Amino acid sequence: MSNYNDEHGIGNSQTATPARGGVGHASQFLNLVSPEHLSRTPAGDSESQLDLGLENGGEISHQIAQQLLSAVSEGGLEFRTDLDDNEMFKSPQKGMDQAYFDSLERINKKKIRPGQTCPICASEFLEDPYPLLVRLPCHKNHVFDLECATSWLKEHNTCPICRTELDKPKKAVAQPDSEEDEDMAFFG
Amino acid sequence: MASLPKRIIKETERLVSDPVPGIKAVPHEDNLRYFDVLMEGPSSSPYESGVFKLELFLPEDYPMVAPKVRFLTKIYHPNIDRLGRICLDVLKSNWSPALQIRTILLSIQALLGAPNPDDPLANEVAEDWKKDESNAIETAREWTVRYADKK
């Protein structure tokens, strides 16, 4: 079946992917960090460079793209970057960030009951042979397609089912400041 | 127009096969995102004798954004204005993509049974409601007889 963006007519055909979740989802990230995408950052545009966390645009962006590529080909999806903030996360004030999506618990499809559906797109999880599913920390049954959860949470901080504010417990446990330093170290 | 998301198809099928009691929602043939809605006034409310027409539209971003819903039948209610716009949290800031057309319509029906003049949209109506509730309820009943269809 088609992915969330296709089904909802959002996104564009360049980034449209054949299957819900999985590698299809990852390829959207790759499109966004492709050399053409980054090379539009002019040398003098210090603000864009800061956003991307890059010392010298093109070269490092290739490295990151390569890292992403290898992560995907190994089946891992450890995107430790916030490269896409400008493109994909239009209102970061209220929503959750990429680090949060990365930290969400992934659910193996073996744990999914036949017929169980995503509360957001209403598709059966198991219709997709390689579903990419996450569980929100508020309740063990609050499982969503990663893509659907991301679409909502990039602009909101609440669980769609119970409205638990997902940034509250996180703040209590982790220290956002040190996390940020870590991200910078990754780029540095 | 892009093809209809599976979720909307599923919701529509269920609205038809397993309708919400007292509520009928029928999509337009030429625009499956646009629904004509008929809603019975809840019993023991001033609206109980009437059937109200509403329109419901699912925006392109649905379910990331709430459906747009409006009363077409004139109604005297502190949270519904002259243009039929509805002041209801789940249609605005409290929308969640886990809500559905049917849950939203049930919430609107519940709002008819439980007017909230402290969070008004129709200011004059809300003032009347707070000043003299029994008189306001009587007006709501009259408007129901005058403008709504009979049950």
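Analysis parameters
Residues numbered from 1 in each chain as written. Chains lettered and ligands numbered in written order. Predicted model: local features only at pLDDT ≥ 70, side-chain atom pairs only at ≥ 80, totals over all residues. Heavy atoms only, no water. UniProt positions renumbered as here; feature names shortened; annotations may be inferred. Helix = DSSP H or I, 4+ residues; strand = E, 2+ residues; numbered from the N terminus. Buried < 20%, exposed > 50% of the residue type's maximum accessible area, 1.4 Å probe, protein only. Contact = heavy atoms within 4.5 Å. Areas by Shrake-Rupley, 256 points an atom, 1.4 Å probe, with all protein chains shown as cover. Buried area = accessible area lost by both parts, 1.4 Å probe. Salt bridge = Lys/Arg side-chain N within 4 Å of Asp/Glu carboxyl O. Nonpolar A, V, L, I, M, F, W, Y, C, P; charged D, E, K, R; others polar. Pairing = 2+ DSSP bridges. Expected span 1.5 Å × (residues − 1).

An unreviewed UniProt entry lists chain B under the name E2 ubiquitin-conjugating enzyme, with Kuraishia capsulata CBS 1993 as the source organism. UniProt lists a comment for chain B under the heading Sequence similarities (unreviewed entry), and it reads "Belongs to the ubiquitin-conjugating enzyme family."

Per an unreviewed UniProt entry, chain A carries the name RING-type domain-containing protein and comes from Kuraishia capsulata CBS 1993.

Draft legend 1. Seen up close, the overall build of chain A. A count of helical and extended segments in chain A gives 10 helices and 3 strands. Tracing chain A from N to C terminus, the helices and strands come up as α-α-α-α-α-α-α-β-β-β-α-α-α. Buried positions account for 45% of the 188 residues belonging to chain A. By sequence separation, contacts in chain A at least 24 residues apart represent 56% of the contacts at least 6 residues apart.

Draft legend 2. The overall build of chain B, seen in detail. Looking only at helices and strands, one finds 4 helices and 5 strands in chain B. In sequence order, the secondary structure elements of chain B are arranged as α-β-β-β-β-α-α-α-β. Within chain B, the fraction of its 151 residues that count as buried is 48%. For chain B, the share of sequence-separated contacts (at least 6 apart) that also reach a separation of at least 24 residues comes to 57%. When the accessible surface of chain B is totalled, it reaches about 7,700 Å², and 51% of it is carbon and sulfur.

Draft legend 3. Up close: the interface of chain B and chain A. On the chain A side, the residues contacting the 19 residues of chain B number 20 residues. Carbon and sulfur atoms supply 54% of the area that chain B and chain A bury against each other, a total of about 1,500 Å² over both sides. If you look at where chain B meets chain A, you find 1 salt bridge. Looking at the side of chain B that touches chain A residue by residue, the classes come out as 11 nonpolar, 3 polar and 5 charged.

Draft legend 4. Representation of the UniProt feature "active site" (unreviewed entry) in chain B. Residue and element names in this part refer to chain B. The UniProt record marks Cys 87 with the feature "active site" (unreviewed entry), using the residue numbering of this structure. With respect to the helices, strands and loops of the structure, Cys 87 is situated in the loop between β4 (68–71) and α2 (101–113). Using a relative accessible area of 18% as the deciding quantity, one classes Cys 87 as buried. Setting aside anything within four residues of it in sequence, one finds Cys 87 in contact with Asn 79, Leu 111, Asp 119 and Leu 121.

Draft legend 5. Layout of the environment of Leu146(A). All names here are of chain A. Mapping Leu 146 onto the fold places it in helix α8 (residues 146–153). The class for Leu 146 is buried, based on a relative accessible area of 6%. Spatially, the C-alpha atoms of Leu 146 and Pro 131 are 8.7 Å apart, while their sequence positions differ by 15 residues.

Draft legend 6. Quick peek at the pairing of β4(B). Residues and elements named next belong to chain B. Only one face of β4 is covered, namely the one carrying Val 69 and Phe 71; the face carrying Lys 68 and Arg 70 has none of its residues buried. Pairing between strand β3 (residues 50–57) and β4: 4 bridges, direction antiparallel. What sits directly across from Glu 55, in β4, is Arg 70.

Draft legend 7. Broad picture of α2(B). Residue and element names in this part refer to chain B. For α2, spanning 13 residues, the distance from its first C-alpha to its last is 19 Å, which sits close to the expected 18 Å at 1.5 Å a residue. Within α2, the full set of buried residues consists of Ile 101, Arg 102, Ile 104, Leu 105, Ile 108, Gln 109, Leu 111 and Leu 112. Where the residues of α2 are buried, they touch α1 (6–17), β1 (23–27), β2 (34–40), β3 and β4.

Draft legend 8. Geometry of the pattern of salt bridges. Residue and element names in this part refer to chain B. Evaluation of the coordinates by the stated rule reveals 10 salt bridges over all chains. Across the pair Lys 53 and Asp 149 runs a salt bridge, and its minimum N-O distance is 3.4 Å. With Lys 53 in strand β3 and Asp 149 in strand β5 (residues 149–150), this residue pair connects regions lying 96 residues apart in the sequence. A salt bridge links Glu 55 to Arg 70; its shortest N-O distance comes to 2.8 Å. With Glu 55 in strand β3 and Arg 70 in strand β4, this residue pair connects regions lying 15 residues apart in the sequence.

Draft legend 9. A look at unusual backbone geometry. Going from Tyr62(B) to Pro63(B), the amide bond is cis rather than trans, its omega being 10°. Despite not being glycine, Arg163(A) shows a phi value in the positive range, around 65°. Looking at the secondary structure, you find Arg163(A) in the loop between α8 and α9 (167–173). Judged by its relative accessible area of 35%, Arg163(A) is partly exposed.

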